[in-house]
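Here's the letter readout for the chains.
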Amino acid sequence: MIERKDILSIPYLKKTTFTGSHEGMRFRFAVVKKESDQNGQEKSVLEIVVWEGPYGYDATPEEKKRRIETEFSEQGIAQGIDWLNGLWEAEPETWKKAKTNY
């Protein structure tokens, strides 16, 4: 199970992407764009991408990646972690098989 402590801090994510893996599941957290809120102020959007190992993000075809966007906040990071854990629980055999490809 992926936990909040496994994902680096907001100041880190503001500067660069974070990639990690869990039992064959590879994932990436990145700030991808800014949106304007109702008051016209820009806010960052966090994109979470998941794919089967063993390859890295750039070496994996786009059609093999799944992604969501959340707000760039602690709550958004938590939503991303919950999404990843939900995928793991829903498809454990997929990720275990990917792990054996290493």
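Residues numbered from 1 in each chain as written. Predicted model: local features only at pLDDT ≥ 70, side-chain atom pairs only at ≥ 80, totals over all residues. Heavy atoms only, no water.

**Re the packing of aromatic side chains**
No. 1: A full pass over the atoms with the stated rule returns three aromatic pairs.
No. 2: Relative to F27, the ring of F18 lies with its centre 6.4 Å away and its plane at 45°, an arrangement referred to as tilted.
No. 3: A centroid spacing of 6.0 Å and a plane angle of 85° characterise the contact between F27 and F29, whose relative ring orientation is edge-to-face.
No. 4: For F27, a relative accessible area of 3% puts it in the buried group. (Phe/Tyr/Trp six-rings, centres within 6.5 Å; stacked < 30°, edge-to-face > 60°. Buried < 20%, exposed > 50% of the residue type's maximum accessible area, 1.4 Å probe, protein only.)

**Quick notes on the packing of helix α2 (residues 74–90) against helix α3 (residues 92–99)**
No. 1: Taken N-terminus to C-terminus, the directions of α2 and α3 make an angle of 90°; their axes are 5 Å apart at the nearest point. Between α2 and α3, the angle falls in the class roughly perpendicular. Contact residues: L87, W88, E89 and A90 in α2; P92, W95 and K96 in α3.
No. 2: Considering only residue class, the contact of α2 with α3 consists of five nonpolar, no polar and two charged. (Axes fitted to C-alpha atoms, helices over the stretch in contact; angles between N-to-C directions. Helix = DSSP H or I, 4+ residues; strand = E, 2+ residues; numbered from the N terminus. Parallel < 35°, antiparallel > 145°, perpendicular 65-115°, else oblique. Contact = heavy atoms within 4.5 Å. Nonpolar A, V, L, I, M, F, W, Y, C, P; charged D, E, K, R; others polar.)

**Observations concerning α2**
No. 1: Its 17 residues give α2 an end-to-end C-alpha distance of 24 Å, which sits within 8% of 24 Å, the value for a rise of 1.5 Å per residue.
No. 2: Residues G76, I77, G80, I81, L84, N85, L87 and W88 constitute the buried set of α2. (Expected span 1.5 Å × (residues − 1).)

**So, the side chain of N85**
No. 1: Take N85: it is sitting in helix α2.
No. 2: Setting aside residues no more than four positions away along its own chain, N85 makes contact with M1 and I2.

**Things to note about the pattern of salt bridges**
No. 1: Per the stated rule, a full pass over the model turns up eight salt bridges.
No. 2: The closest approach of N and O atoms between E23 and K99, which form a salt bridge, is 2.8 Å. Here the residue E23 occupies a position in the loop between β1 (18–22) and β2 (25–36), and K99 occupies one in helix α3, the gap between them amounting to 76 residues.
No. 3: Given a relative accessible area of 40%, K99 falls into the partly exposed group.
No. 4: Among the ionic contacts, a cluster of salt bridges with common partners joins R28, E47, E62, K65 and R67. (Salt bridge = Lys/Arg side-chain N within 4 Å of Asp/Glu carboxyl O.)

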